[in-house]
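Coordinates in review
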Amino acid sequence: MSDTDDRSERDGDQNGGGWSAEGLGYLQKRVDKPRVYVVHPDIRSDTAELLERSPAAKLEEAKGLAEAIDIELMGGEIIPVRKRRAATLIGEGKIEDLKAISENQEIDVFVFDAELTPVQQRNLERELKAKVIDRTALILEIFGNRASTREGELQVELAHLTYQKSRLVRSWTHLERQRGGAGFMGGPGETQIEADRRIISDKITRLKRALKDVAKTRTLHRARRQKAPYPIVALVGYTNAGKSTLFNRLTRAEVLAEDMLFATLDPTMRAVEMPSGRKIILSDTVGFISNLPTMLVAAFRATLEEVCEADLIIHVRDASHEDSDIQAADVTEVLKELGIDLDAFDTGVPVIEALNKGDLLSPEEMEARIREGVRHPDRVAISALSGEGTDTLIARIDTLLGTADYKLTKLIPYSDGKARAWLKANAKILSENAEEEGFRIEFQVDPVAWDRFSKNHPLPD
Ligand SMILES: Nc1nc2c(ncn2[C@@H]2O[C@H](COP(=O)(O)OP(=O)(O)OP(=O)(O)O)[C@@H](O)[C@H]2O)c(=O)[nH]1
Ligand SMILES: [Mg+2]
C-alpha cells in the first residue's frame, strides 16, 4: 500500500500536516524506539456513567495500549479538562507543562487518550514539536501491526481509510468556514481535498469488494465447519484476560499469548479432544476493549461473527483486575451488538464465565468475585497459567454440551451411503442389522454433532 502512504504524507503537508493517520511506521526505521508519552484527558461530563472507571485506570489502560506497539514508554499523566478547548482540547498551562516534558525527555509521540479533531491534533503537534495521535489512531496502529490474515489486513485497511476520510471531511468544513467570503482563496485547496475524498472513497469501495470475496470464502469454510462433527466452543473476553493462555492450555498449542493488549487479532481454531473423549473445536478470538472506536467494531464484526456460530461461549475474565466487572459489561455490550445476549440464560447459546487469574487472588477474594455483579449460574474459577480449575471448566463444557452421548437407533436406507459413512466416522456403532429397507443401526453419538448432521440430513424415524 505504498501509494496510500505517499499520498497521506503529501496531502498531510497540504493540510498543515494534521489529519493523516499514516501510522508510526516511519518512526520504526529509527535505531531507537520512538519515545512515547501518554496523556489521559479527564473530560468532565454531566452524563456520569453508572459504571465508571477511575481516570487512573483509564490512564493505565492507555499506557498498556501504547506498549502494545514497539515503543519506549516514557511516562504518562492525567490532565483534568473542565472545558474542552476547540483549538487544543487542553488548557494553555497544561500545554506549557507538556512542552517541557517534550523537550526534557525528547518525546517523539504524544498519545492522547481521547478523540482529537484534526485541528486540535495539528495545533498540539505544532506546540509540542512532536507527533500527536489519538486513541483511534493508536488502536488502528496496533491492529495494523497484528493483522496476519488477508481478511484481518483488509479490515484494518478499511478502518484506516474510514478514519482518514472522516478527518478529511472535518478539516474541509473547517477550512471552508475559515475562508468565509474570501472566494478567491478557494480553488486549489478545495479541489485537492475533493480529489482526495474521491480517491479514498474509491479505495474504500474496492476494499469492501475484496472483503466480500474473502468473507464468501469464509462462509464456505464455515459451511464446511457446520458439517464438522464437533461442537464449536468460542473463547471471548476483554483484551489481556487470558483467552490465548487458556486456549494454549486446552489445546497445548502455541498461540501467541503475551502481556500485551490485542495479542490475538485473527480467530484461531483447533480441534481438541476432551478427557471424556468428546471432541470440540475451540476458537480463540480478538480481545475487546472499552470505547472501541465504532469503525473498528464494524471492521471486526465479520471476525467476531464467528462467535455467533458457536455452540458454547466461554467468557474469559481477568478476575484479578480491579475493573473486572466493568470489562465484563463492555464485552457483553459488544456481543449484544452482534446479536448475542450473554445475560439471556434461557435463550441462545450456553455461556460459561471463566474467572481467570485465580492464582493472583486469595480464595476469599475469588469467592467474592464469584458472587458479585450480575448473577451468573455458570461461573468457574480458574487459572489458565497454573491449570487450576481447568478440569472443572472442562467438566462444565461437557455437561453443557450434553454429558451423556445419545444412544439412538436409526434405519438408514440402502441408498443413503452418506449417512452410514457419517455414522461410521463420527459415532460409535453398537449394532448394525441389514433389514428389508436398509441398515438398522444402533449407535452412540455426540448430541450436538448429531443435531448438526441430522438437521442437514433428515432420516426416516
Ligand atoms: N497470573 C496469571 N496470569 C495469566 C493467567 N492467564 C493469563 N495470564 C497472563 O495474562 C497475559 C495475557 O494473556 P493472553 O492469554 O495473551 O490474553 P488474551 O485474552 O488472549 O489477550 P488478547 O489476545 O490481547 O485479547 C499474559 O501475560 C498471560 O501470561 C493466569 O491464570 N494467571
Ligand atoms: Mg489472545
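Naming follows an unreviewed UniProt entry, where the protein chain appears as GTPase HflX of Gimibacter soli. Quoted verbatim from the Function (unreviewed entry) heading of the UniProt record, the comment on the protein chain is "GTPase that associates with the 50S ribosomal subunit and may have a role during protein synthesis or ribosome biogenesis." For the protein chain, the Subcellular location (unreviewed entry) comment in UniProt is given as "Cytoplasm".

Another point: helix H8 (residues 243–251). The buried fraction of H8 is high, at seven of nine residues. Every buried residue of H8 is accounted for by Lys243, Ser244, Leu246, Phe247, Asn248, Leu250 and Thr251. At the exit of H8 stands Arg252, carrying a positive phi of roughly 55°.

Once that is clear, we can look at the UniProt feature "binding site: Mg(2+)" (unreviewed entry) in the protein chain. Sequence positions flagged by UniProt for "binding site: Mg(2+)" (unreviewed entry) are, in local numbering, Ser244 and Thr264. Within the element layout of this structure, Ser244 appears in helix H8.

With that out of the way, let us pick up the side chain of Asp113. With respect to the helices and strands, the residue Asp113 is situated in the loop between strand E3 (109–112) and helix H4 (118–128). For Asp113, a relative accessible area of 9% corresponds to the buried category. Only 2.8 Å separates the side chain of Asp113 from the side chain of Arg135, close enough to count as a polar contact. Once residues lying within four places of it in the same chain are set aside, the contact partners of Asp113 are Val39, His40, Pro41, Lys58, Ala62 and Arg135.

On to helix H2 (residues 55–67). A rise of 1.5 Å per residue sets the reference length of H2, with its 13 residues, at 18 Å; its end C-alpha atoms lie 18 Å apart and thus fit the reference within 8%. Among the residues making up H2, those that are buried are Ala57, Leu59, Glu61, Ala62, Lys63, Gly64, Leu65 and Ala66. Those residues of H2 that are buried lie in contact with strand E1 (35–43), strand E2 (72–81) and helix H5 (135–146).

With that settled, consider the nonpolar core. Counting 39 residues, the largest nonpolar core has Ile313 and Leu335 as its most contacted members. Elements that contribute at least two residues to this core include exactly E1, H2, E3, H5, helix H6 (150–179), strand E5 (232–237) and helix H10 (324–337). Looking at this core element by element, the count peaks at six residues for H5. Beyond its immediate sequence surroundings of up to four residues, Leu335 is in contact with Val236, Phe288, Val307, Ile340 and Leu342. Among the nonpolar cores identified, the runner-up in size contains 23 residues, and Ala241, Leu250, Val316 and Ala384 belong to it.

For the rest of this paragraph, the subject is the environment of Val236. Position of Val236 relative to the elements: it lies in strand E5. Its relative accessible area of 0% is what places Val236 among the buried residues. Setting aside its immediate chain neighbours within four residues, Val236 contacts Lys243, Thr285, Val307, Ile313, Ile314, His315, Val316, Val331 and Leu335.

Attention now moves to the packing of helix H13 (residues 417–426) against helix H14 (residues 447–456). As a packed pair, H13 and H14 sit with axes 12 Å apart at the nearest point and diverge in direction by 165°. On the basis of their axis angle, the class for H13 and H14 is roughly antiparallel. Like other packed secondary-structure pairs, H13 and H14 cross with a definite hand, here right-handed. Listed contacts from H14 to Ala419, Trp422 and Leu423 of H13 are Ala449, Trp450 and Phe453.

Here the focus is the environment of Arg440. Looking at the element boundaries, Arg440 is found in strand E13 (residues 438–445). Of the residues examined, Arg440 reaches a relative accessible area of 32% and is grouped as partly exposed. Spatially, the C-alpha atoms of Arg440 and Ile412 are 6.2 Å apart, while their sequence positions differ by 28 residues. Setting aside anything within four residues of it in sequence, one finds Arg440 in contact with Thr409, Lys410, Leu411, Ser431, Glu432, Asn433 and Glu435.

How each quantity is defined
- Residues numbered from 1 in each chain as written.
- Chains lettered and ligands numbered in written order.
- Predicted model: local features only at pLDDT ≥ 70, side-chain atom pairs only at ≥ 80, totals over all residues.
- Heavy atoms only, no water.
- UniProt positions renumbered as here; feature names shortened; annotations may be inferred.
- Buried < 20%, exposed > 50% of the residue type's maximum accessible area, 1.4 Å probe, protein only.
- Helix = DSSP H or I, 4+ residues; strand = E, 2+ residues; numbered from the N terminus.
- Polar contact = N/O pair within 3.5 Å; in protein donor to acceptor, adjacent residues only side chain to side chain.
- Contact = heavy atoms within 4.5 Å.
- Expected span 1.5 Å × (residues − 1).
- Core = buried A, V, L, I, M, F, W, Y, C linked by side-chain atoms within 4.5 Å.
- Axes fitted to C-alpha atoms, helices over the stretch in contact; angles between N-to-C directions.
- Parallel < 35°, antiparallel > 145°, perpendicular 65-115°, else oblique.
- Left-handed = near helix turned anticlockwise from the far one by under 90°.

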